[in-house]
Structures are given as structure tokens and as C-alpha cells.
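# Summary of structural features
Below, each chain spelled out in residue letters.
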Amino acid sequence: MKKIVQKEKHINKWVILNKKRKILYSSDNVADVFRKGQEYPDGTVLIEQRFKPGTCFF
Amino acid sequence: MPHSTLLKFIFTYDDQFGVPLIPITFFRKDGTKTQLLNNAILDSGANEITIPKDLADMLGLELHPRINPVQTAGGLTEAYTTTLDFILGRGGRFVQYTNVDICVMDHCPAVLIGIHPIFKDYTITIKAYQHKCILEPKE
């Protein structure tokens, strides 16, 4: 599996990626990202949440 | 809480965050789909699917305050209940769920896939050493 290389500016943000995993848009606000995602044809992009590596979840 | 035929899934996830991640697509209140969220957190410590309130508002979900506060790892918090339609899966293999009770929180750090309904419908094996989670339909 291809390793994601994160850019510092996208850490802790929600992002829209194209099929080549290029980040097209990012925001702190999850609703903004889902709303922006609707501007792309269905299935041509995907949404991910970026955490700082090493973030722990409890 | 109807769902389409359950399918076996093997999801491979990037291990950068150290937790199992699965793909999910939401439906808005008007029946249209969102784009795929590729990394919802599979969380056996959560009772239900839990989403941030901002996302619930964007989906147009009708929120009802929960009678009791919600206990999180960070302490008690206010929360809402609603119902959601969603799709589990990607790449043409998916299971659609409708009218699922979920939890909505103001300060929800991520989309959490909790016990109800996924862990109740599937035997889930997390192979953390392979960065895979395997969902096998219940017998």
C-alpha cells in the first residue's frame, strides 16, 4: 500500500483527494469539505481526515 | 434498520494513524450521496456511529437532544440522536444501511464506526500487523 506523505499544512484537517491522491482542498471544517466535495462528479474524489502522525485515540 | 445483503470486506488501511480505518459514504436528507469518506475510525469503544455536528447539519439530519449526557474518554458531553442512511464499502462492493440510529456530538474528533450496527452485523478481525480489518457477515 502506498504510504501517505503528509504536508504539514494539512495536518489535523479534512481533505479532498483525487484518484492520484493529490489534495484538491482542505479545511478544518468537516462540513466545508463535504460541501466542496459535491462540486466534483460522483466517485471522482474522496474525503479523508488527516491526523498528526503519532496522534493517540482513546 | 434495513440493510442490503451483507458482504465480506477486507479493508487495507494506511497505518500512519495506528487505528483501523474503513470507507463510508453518507446520504443527505434529500437522498443524495456525499463523496466517499475513506477513513472513518472503526471503534469498538463507541456504542454507535458517531459524527460531528457540523457534518450532521450539512447532511440535513434532524437532531434530537439525548436525554442523558454522553460519556467520552474526555468526560461527559452533550450529544444528539438522529437516523442516518449510509453505504459501507468502496470500489463497487458495498452494503447500504438505512434509518440507522446514530450519535452526533459537537466536539467529535472524527467519524467513529461503533458497535451498532457494524459490530453487530459482522465478525470483525483487525490484523494491525498487516494494516487490515476483515469484516465477515454474522452467521
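Just so it is clear, the structure is predicted and the values come from calculations on it, not from any experiment.

### Observations concerning the overall build of chain A
In terms of helices and strands, chain A carries one helix and three strands. For chain A, the proportion of its 58 residues judged to be buried stands at 28%. Long-range pairs, those at least 24 residues apart, make up 41% of the contacts in chain A between residues at least 6 apart in sequence.

### Observations regarding the confidence of the model for chain B
For chain B, per-residue confidence averages 93 on the pLDDT scale, and residues scoring 70 or more make up 99% of the total. Interface confidence for the predicted complex, given as ipTM, is 0.91, next to a pTM of 0.91.

### Points about the pairing of strand E11 (residues 122–127) of chain B
Residues and elements named next belong to chain B. Alignment of E11 against strand E12 (residues 132–137), held across six bridges, turns out to be antiparallel. Counterpart to Tyr122 in the pairing with E12 is Pro137. In sequence, E11 turns back onto E12 through a hairpin of four residues, with His131 there showing a positive phi of about 55°.

### With respect to the sheet that holds E12 of chain B
All names here are of chain B. Pairing in this open sheet of three strands is antiparallel, and the strands run E1-E12-E11 from one edge to the other. Here the strands that pair on one side only, and so sit at the sheet edges, are strand E1 (9–12) and E11. Mean inter-strand twist for the sheet, computed between neighbouring axes without regard to direction, equals 15°.

### Notes on the interface of chain B and chain A
Across the contact, 21 residues belong to chain B and 21 residues belong to chain A. Breaking the side of chain B that touches chain A down by element, the ones donating at least two residues are strand E3 (36–42) and helix H1 (53–59) of chain B. Among the elements that take part in the side of chain B that touches chain A, E3 of chain B stands out by supplying five residues, more than any other. Here the side of chain B that touches chain A is built from residues that sort into 10 nonpolar, seven polar and four charged.

### As for unusual backbone geometry
A cis geometry characterises the amide bond from His116 of chain B onward to Pro117 of chain B, with omega recorded as 5°. With respect to the helices and strands, the residue Pro117 of chain B is situated in the loop between strand E10 (112–113) and helix H2 (118–121). One non-glycine residue, Arg21 of chain A, adopts positive backbone phi at about 65°. Looking at the secondary structure, you find Arg21 of chain A in the loop between strand E1 (14–18) and strand E2 (23–27). Its 13 C-beta neighbours within 10 Å are what place Arg21 of chain A among the partly exposed residues. Phi is positive for His131 of chain B, close to 55°, though the residue is something other than glycine. Within the fold, His131 of chain B resides in the loop between E11 and E12. According to the C-beta neighbour criterion, His131 of chain B is partly exposed, with 17 such atoms within 10 Å.

### Description of the environment of Ile10 of chain B
Residues and elements named next belong to chain B. With respect to the element layout, Ile10 can be found in strand E1. In sequence terms Ile10 and Val104 are 94 residues apart; their C-alpha atoms lie 27 Å from each other. With residues near it in sequence (within four places) discarded, Ile10 still touches Lys132 and Ile134.

Calculation rules
Residues numbered from 1 in each chain as written. Chains lettered and ligands numbered in written order. Predicted model: local features only at pLDDT ≥ 70, side-chain atom pairs only at ≥ 80, totals over all residues. Helix = DSSP H or I, 4+ residues; strand = E, 2+ residues; numbered from the N terminus. Buried ≥ 20, exposed ≤ 12 C-beta atoms within 10 Å, placed from the backbone. Contact = placed C-beta atoms within 7 Å. pLDDT = per-residue confidence, 0-100. Pairing = 2+ DSSP bridges. Axes fitted to C-alpha atoms, helices over the stretch in contact; angles between N-to-C directions. Nonpolar A, V, L, I, M, F, W, Y, C, P; charged D, E, K, R; others polar.

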